[in-house]
Amino acid sequence: MNELSVFAPVLSSVNWDNVVNFKIILLSIVLEALPFVLISVLVSAFLHNFVSEDFIRKIIPKNRLLSTVPAALLGLLFPVCDCGMVPIVRRLVMKGVPLHTAVSFMLAAPIINPVVAAATAFAFRANIDIVFLRLGTAFFVACAAGLLCSVFFKSSELKKDAVSHSHSCGCCGHHHETEDVFPRKLSLSSKLLRTIYDAGNEFFEMGKYLVVGAMMGALVQILLPRALLLSVGQHPLLSVGVMLLFAFVVSVCSAADAFIAASFITSFSPGSLVAFMVFGPMIDLKNILMLQHSFRLRFVLWLAAVVFSLTAGAAYLINHF
Amino acid sequence: MCKLKARYILDAHALMRAAILLGFIALLAWLVNTGQLTLYIHPRFAGLIEIAGWLLLPMAVLQALSIVRAASPFEQRPHAHSHNSQWTYLPFLIVLILAFALPGNTLNVNMVNSKGLNSQLAAPPATTYEMSRPLAPQLRQMSRIDVTDRDYAEIVNELQFFPQEYAEKKIRMTGFVFRPPETPKSQFSLVRYVVMCCTADALPYGILCELEDAAGYQDGTWLTIEGVVQNATSEDKTIPLIKITSLQQVAEPEAPYVFPPSQ
């Protein structure tokens, strides 16, 4: 049996014991992430209903450097999960916020914010330096990508139909749904009700990626013997590549990915875990889909490639440090 | 005028969402009230889980309230343009079905292989404990080391990294039987899962034991053993080996995992 599970993990894994193990691991990730995801969607819905984009735009300076670097720190005031980022960013760009500012905000805010920092610190209590490496790397990548963007792209890069058609992506579908349910002129109490309603809808938008991510994580844990992972996981470059790929596929929310990364702490190099937690919230399957709904494909691919290279480079350096 | 007559819309999305949110609230309440929460996460998260339950409640109520609603005159067919199908709820349903339908079980011995036993890992997993040895003075004084749930991970690490210091010490511990590949007939490892945050990060910690009729105990059997710590060599490393003097087959403990206390 033991030999079998090494040589044919897939075959031997289809048995009752592994189904039970799959359930336990899946549920443990979901349960642990749930409070953070709920807080994140509530904050995001609150901001959606109570803070206007005009206000945010007003405080952005015209200077390229002055607008890119603070934009990367805006998440500290504006703690959104990456799942809610793309619709906001598109609206910001439509309202005249420079593309590079929006990009650096979009890349950094899902990571450099109190909720995610707290979740990461929880998950990596034992290795607190990983938390700082994550935040630092995210800051560097977001600023660098934003500045490069200001060099390469002068226009808004928005898709033409995205400008006229204000609900081009499924994820913002609930914004106009809510307007049907609740009246337009809102008192404070109905604004609060609407916030909770929005949060509920956003929970489903994000939650499904979390659950699917947790499922893939649980499957990987069961199917891959650690000994096999260890051989790749400690390689300074290969481990980073594997984790970047993993981050792209699982599309897990930035408030929860730290817990998934923490489950790999014994088998993967620190650089690769940081890469997972930096690249995932910035560019992943679900973000790319939402992005190419709103922006030109050429720009989306450019952005993905730049973020990929910057993260991989930083992670490689961390592994050699 | 038929236009003024109120039309009512049954919102299938709201129905599904309300049902799933209620399902999650029921799941959390059930896990907390039956004490099963520790099968999944470290007890220190219990408070957060309760908060999550209370946050879900108003969301569920608001979704439930919008299941049936009057259509506004301007509204077309609801969700005519929605890109979301009911498939998006499948992941949530899978979680709820797995949670309620499968027995509340513990990670079983199958996982040890994919996780890798502490003694097999290349790098010691607990860089956490790196050379801070709070228990060492206490353990040295004891005539017999009684391994408690609380100190399990610490003590196993002590034995693993400093086997010479504990040679000829008496020890009493509980765990389940596991045999890594190529274990001699007279040996097995006595193992427990150590959980830092959630069961997803559970790591099997074990110590090699020696017993003449070791073959009589299947993998996954829970034992309380008494024995003497000895030193053996494996791949040029000194490792601890407990020579079992007496043992007792026991039921799986109610708290099968060990949770190292928060620092």
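Residues numbered from 1 in each chain as written. Chains lettered and ligands numbered in written order. Predicted model: local features only at pLDDT ≥ 70, side-chain atom pairs only at ≥ 80, totals over all residues. Heavy atoms only, no water.

Focus on the overall build of chain B
When you go through chain B residue by residue, the secondary structure sums to 6 helices and 8 strands. Traced from its N-terminal end to its C-terminal end, chain B shows the element sequence β-α-α-β-α-α-α-β-α-β-β-β-β-β. The burial tally for chain B puts 50% of its 263 residues in the buried class. Pairs at least 24 apart in sequence give 74% of the contacts found in chain B among residues at least 6 apart. (Helix = DSSP H or I, 4+ residues; strand = E, 2+ residues; numbered from the N terminus. Buried < 20%, exposed > 50% of the residue type's maximum accessible area, 1.4 Å probe, protein only. Contact = heavy atoms within 4.5 Å.)

Some points on the side chain of Q63 of chain B
With respect to the secondary-structure elements, Q63 of chain B resides in helix α2 (residues 46-65). For Q63 of chain B, a relative accessible area of 1% corresponds to the buried category. Every residue in contact with Q63 of chain B, bar those within four places of it in the chain, is listed here: Y197, G200 and N201 of chain A together with A14, R17, A18 and L21 of chain B.

Notes on a nonpolar patch on the surface
Taken together, the side chains of V212, M216, L245 and V249 of chain A present a nonpolar region at the surface, about 310 Å² in accessible area. On the secondary structure map, L245 of chain A appears in helix α14 (residues 238-250). (Patch = residues over 30% accessible without salt bridge, like charges linked within 9 Å, V, L, I, M, F, W, Y side chains within 5 Å. Areas by Shrake-Rupley, 256 points an atom, 1.4 Å probe, with all protein chains shown as cover. Salt bridge = Lys/Arg side-chain N within 4 Å of Asp/Glu carboxyl O.)

Describing the domain arrangement of chain B
Residues and elements named next belong to chain B. One can read the domain layout of chain B as domain 1 (2-72 + 85-101) and domain 2 (110-249). If you look at the interface, domain 1 gives 6 residues, while domain 2 gives 5 residues. For the pair domain 1 and domain 2, the two sides together bury roughly 350 Å², of which 43% comes from carbon and sulfur. Interface area lost by domain 1 to domain 2 is led by Y40, H42 and R44, which between them contribute 63%. Along the contact surface separating domain 1 from domain 2 lie 0 salt bridges. Viewed at the interface, domain 2 and domain 1 are joined by 0 residue pairs in polar contact (both at pLDDT 80 or more). Considering only residue class, the side of domain 1 that touches domain 2 consists of 4 nonpolar, 1 polar and 1 charged. (Domains from an automatic or database assignment. Buried area = accessible area lost by both parts, 1.4 Å probe. Polar contact = N/O pair within 3.5 Å; in protein donor to acceptor, adjacent residues only side chain to side chain. Nonpolar A, V, L, I, M, F, W, Y, C, P; charged D, E, K, R; others polar.)

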